[in-house]
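Results of the structural survey
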Amino acid sequence: RKEVEQDPGPFNVPEGATVAFNCTYSNSASQSFFWYRQDCRKEPKLLMSVYSSGNEDGRFTAQLNRASQYISLLIRDSKLSDSATYLCVVNMAGTYKYIFGTGTRLKVLA
Amino acid sequence: EAGVTQFPSHSVIEKGQTVTLRCDPISGHDNLYWYRRVMGKEIKFLLHFVKESKQDESGMPNNRFLAERTGGTYSTLKVQPAELEDSGVYFCASRPGHETGELFFGEGSRLTVL
């Protein structure tokens, strides 16, 4: 089983739609969680950290469910510019190693 | 302030040759990471430096890969001799301090081994 798993997609959604991605992690002692965004042939960039209580940044909402060992990302009112690959990243407890999921591709269609 | 810079952006070499990739982290960032993305796969951890010390090199594929970080500043990743399966994009990332937090990535070095 992979340490961090994501549905690779692609998720094709119309502009204005709401879309949600989940990511599961295998190590119950994992302590820090992030969503990164990667555009085609570019480097990953931090979208948002994921806090235990959940957090929101504009149209983006991240949630953490420790009991079920997953994190989620909700994007409301999708824009064409949201088209990208969304990477789930988990910091392994007791280390400074960051583990990446394969990413979920999102295509927002006009 | 300059971000993480990597050189070269793209390298094409033949199997058996040597390639050295360089990463200049953001100034003052003690933590430096190397990652690799092979086509169709996830971004995989290679190793982690704190200043000039290797903290974790558990992701290094084999002894054909050698990473150094001279004086705790820039880092190099040498592949010698290169094999076909080494092709991919090598990302460098850095972050400050001791707490976990955002990784700042360079644009990557694309390696093609023919």
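Here's a quick rundown of the structure. (Residues numbered from 1 in each chain as written. Chains lettered and ligands numbered in written order. Predicted model: local features only at pLDDT ≥ 70, side-chain atom pairs only at ≥ 80, totals over all residues. Heavy atoms only, no water.)

Details of the pairing of strand β9 (residues 84–91) of chain A
Residue and element names in this part refer to chain A. Counting buried residues in β9 gives 8 out of 8 residues, a clear majority hidden from the surface. Inspection of the sheet shows strand β4 (residues 32–38) paired to β9 by 7 bridges, in the antiparallel sense. Counterpart to Phe 33 in the pairing with β9 is Val 90. Bridge count between β9 and strand β11 (residues 104–109): 3 bridges; the pairing is antiparallel. Across the sheet, Thr 85 pairs through a bridge with Arg 105, a residue of β11. Where β9 meets strand β10 (residues 98–100), 3 bridges bridge the pair, whose relative direction is antiparallel. Its bridge partner being in β10, Asn 91 is matched across the sheet by Tyr 98. Once β9 ends, the chain turns through 6 residues before running back antiparallel as β10, passing Gly 94 with a positive phi of about 80 degrees. (Buried < 20%, exposed > 50% of the residue type's maximum accessible area, 1.4 Å probe, protein only. Helix = DSSP H or I, 4+ residues; strand = E, 2+ residues; numbered from the N terminus. Pairing = 2+ DSSP bridges.)

Things to note about the packing of aromatic side chains
Aromatic rings considered in pairs are described by the distance between their centres and by the relative angle of their planes. As enumerated under the stated definition, the model contains 15 aromatic pairs over all chains in all. Between the aromatic rings of A:Tyr36 and B:Phe105, the centroid separation amounts to 6.0 Å while the plane-to-plane angle is 85 degrees, which identifies the pairing as edge-to-face. With A:Tyr36 in strand β4 and B:Phe105 in strand β10 (residues 104–105), this pair bridges two chains. Of the two residues, A:Tyr36 and B:Phe105, neither departs from the other in class, the shared state being buried. Between A:Tyr98 and B:Tyr33 the ring centres are 5.6 Å apart and the planes differ by 90 degrees, which places this aromatic pair in the edge-to-face class. (Phe/Tyr/Trp six-rings, centres within 6.5 Å; stacked < 30°, edge-to-face > 60°.)

A short note on the interface of chain B and chain A
In many analyses, interface size is given as the accessible surface area lost on bringing the parts together. In this complex, chain B contributes 20 residues to the contact, which on the side of chain A involves 19 residues. Buried area between chain B and chain A, both sides added, is near 1,800 Å², and the carbon and sulfur share of it is 55%. If you sort the residues of chain B by the area they bury against chain A, B:Glu42, B:Thr100 and B:Phe105 come out on top, with a joint share of 28%. The interface formed by chain B and chain A holds 2 salt bridges in total. Across the pair B:Asp56 and A:Lys97 runs a salt bridge, and its minimum N-O distance is 3.9 Å. Inspection of the chain B/chain A interface yields 8 residue pairs in polar contact (both at pLDDT 80 or more). (Contact = heavy atoms within 4.5 Å. Buried area = accessible area lost by both parts, 1.4 Å probe. Salt bridge = Lys/Arg side-chain N within 4 Å of Asp/Glu carboxyl O. Polar contact = N/O pair within 3.5 Å; in protein donor to acceptor, adjacent residues only side chain to side chain.)

Considerations on the pattern of salt bridges
Residues and elements named next belong to chain B. Counted under the stated rule, the structure contains 11 salt bridges over all chains. One salt bridge connects Asp 24 with Arg 22, and the closest N-O pair in it is separated by 2.7 Å. Asp 24 gets classed as partly exposed once you look at its relative accessible area, which sits at 26%. Since its relative accessible area comes to 34%, Arg 22 is described here as partly exposed. For Glu 57, the salt bridge identified is with Lys 54, shortest N-O distance 3.9 Å. What you see here is one network of salt bridges that share partners, running through Arg 36, Arg 64 and Asp 86.

Comments concerning the nonpolar core
A:Phe21, A:Trp35, A:Ile71, A:Leu73, A:Ile75, A:Tyr86 and A:Leu106 are the most contacted members of the largest nonpolar core, which totals 25 residues. Counting residues per element, the ones that place at least two in this core are β3 (19–25), β4, β5 (45–50), β7 (60–65), β8 (70–75), β9 and β11 of chain A. When near neighbours in sequence (up to four residues on either side) are disregarded, A:Tyr86 contacts A:Gln6, A:Phe21, A:Trp35, A:Tyr36, A:Arg37, A:Leu47, A:Phe60, A:Leu73, A:Ile75, A:Gly103, A:Thr104 and A:Leu106. By size, the runner-up hydrophobic cluster in this structure holds 21 residues, among which are B:Leu46, B:Phe65, B:Leu77 and B:Tyr90. (Core = buried A, V, L, I, M, F, W, Y, C linked by side-chain atoms within 4.5 Å.)

What about the sheet that holds strand β6 (residues 55–57) of chain A?
Residues and elements named next belong to chain A. Ordered in space as β1-β3-β8-β7-β6, the 5 strands form an open sheet in which the pairing is antiparallel. Looking along the sheet, the strands with just one partner apiece sit at the ends: β1 (4–6) and β6. Neighbour-to-neighbour, the strand axes of the sheet open up by a mean angle of 20 degrees, direction not taken into account. Here 3 bridges tie β1 to β3, and the two strands are oriented antiparallel to one another. By the bridge assignment, Gln 6 is partnered in β3 with Cys 23. (Axes fitted to C-alpha atoms, helices over the stretch in contact; angles between N-to-C directions.)

Things to note about unusual backbone geometry
Following B:Phe7, the chain continues into B:Pro8 via a peptide bond in cis, with omega recorded as -5 degrees. Looking at where B:Pro8 falls in the secondary structure, it is placed in the loop between β1 (5–7) and β2 (10–13). Note that the residue after B:Gln80, namely B:Pro81, is joined by a cis bond; omega there is -10 degrees. One non-glycine residue, A:Gln69, adopts positive backbone phi at about 60 degrees.

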